[in-house]
Amino acid sequence: MTIAKGDKLPDVTLVKATAEGPQKVQSGEYFKGKKVALFSVPGAFTPTCSAKHLPGFVEKAQDLKAKGVDEIVGTAVNDAFVLQAWNKANGSDDITMLADGNGDFAEALGLTMDGSGFGLGKRGQRFSMIVNDGVVEELNVEAPGDFNVSSAEHMLGQL
């Protein structure tokens, strides 16, 4: 079953990329007590993710925060080292990367995709959501191959 507006996020282990190295975090605790703009990409350094998705959140970070977002979080079915390198290369300190290395978060959300035709294996779909105190307020899931509703610009219109 796919997560829906009004649902509480599942509690799974993610890995936060930090300057000190990977740090395990529980999603249930991590998203508690704050408003988060969360976006998910099929993979770091992939074309649409690097050219459009992440740059949009970098560009609109201050606008999102001005509308009440406490934190911007990016996630992908990649390891913490890859997400940290991607954020360093294309991102910003305004974005926290949470690695879903085994795809447990995407699976628990019901938002996986099969990227094996491209050599990617099982990945998370492209989506964004506004999470307030661990509860999904807005959910934007892209159709396969699209990039429209999961953008930072679209999310700004929802706040």
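Residues numbered from 1 in each chain as written. Predicted model: local features only at pLDDT ≥ 70, side-chain atom pairs only at ≥ 80, totals over all residues. Heavy atoms only, no water.

A.B. asks: I tried to follow the side chain of lysine 60 on my own but got confused; where do I start?
C.D. replies: With respect to the element layout, lysine 60 can be found in the loop between helix H2 (47-59) and helix H3 (61-66). A residue is classified by how much of its surface remains accessible, and lysine 60, at 18% relative accessible area, is buried. When neighbours within four sequence positions are excluded, lysine 60 is seen to be in contact with Ala152, Glu153 and Leu156. (Helix = DSSP H or I, 4+ residues; strand = E, 2+ residues; numbered from the N terminus. Buried < 20%, exposed > 50% of the residue type's maximum accessible area, 1.4 Å probe, protein only. Contact = heavy atoms within 4.5 Å.)

A.B. asks: In this structure, what is going on with the pairing of strand E9 (residues 135-141)? I would like to understand it.
C.D. replies: Within a regular strand, the side chains alternate between the two sheet faces. The pairing of strand E8 (residues 127-132) with E9 spans six bridges and is antiparallel. Residue pairing in the sheet places serine 128 in a bridge with asparagine 140 of E9. The hairpin formed by E8 and E9 contains two residues between the paired strands, and aspartate 133 there has a positive phi angle of roughly 55°. (Pairing = 2+ DSSP bridges.)

A.B. asks: Looking at this structure, I do not really get the layout of surface pockets. What am I missing?
C.D. replies: Using a probe with the size of a water molecule, rolled over the atoms, empty space left in the structure can be pinpointed. Estimated volume of the second largest pocket: approximately 150 Å³. Lining of the second largest pocket is provided by Lys16, Ala17, Leu83, Gln84, Asn87, Lys88, Gly91, Ser92, Asp93, Ile95, Thr96 and Met97. Looking at the lining of the second largest pocket, the elements with two or more residues in it are strand E1 (13-18), helix H4 (80-90) and strand E5 (95-99). When residues of the lining of the second largest pocket are assigned to their parent elements, the largest contribution, four residues, is made by H4. Here the lining of the second largest pocket is built from residues that sort into four nonpolar, five polar and three charged. (1 Å grid on protein atoms, 1.4 Å probe; cavity = no way out; pocket = protein on both sides within 12 Å on 5 of 7 lines; lining within 4 Å. Points joined across faces, edges and corners; volume = space filled by probe spheres on them. Nonpolar A, V, L, I, M, F, W, Y, C, P; charged D, E, K, R; others polar.)

A.B. asks: Explanation requested: the sheet that holds E5 in the structure shown.
C.D. replies: To summarise the sheet geometry, strands pair through backbone hydrogen bonds and adopt either a parallel or an antiparallel arrangement. The strand order across the open sheet formed by seven strands is E2-E1-E5-E4-E3-E8-E9, and the pairing between neighbours is mixed. Only two strands of the sheet have a single neighbouring strand rather than two, namely strand E2 (21-26) and E9. Averaged over all neighbouring strand pairs, the angle between strand axes comes to 30°, with direction disregarded. As defined by bridge partners, strand E3 (residues 35-41) adjoins strand E4 (residues 71-76) across six bridges and the pair is classed as parallel. Bridging across to E4, phenylalanine 39 finds its partner in glycine 74. Relative to E5, H4 is tilted by about 160°, and along the sheet it contacts E1, E2, E3, E4 and E5. (Axes fitted to C-alpha atoms, helices over the stretch in contact; angles between N-to-C directions.)

Keep in mind that these numbers describe shape and distance, not what the molecule does.
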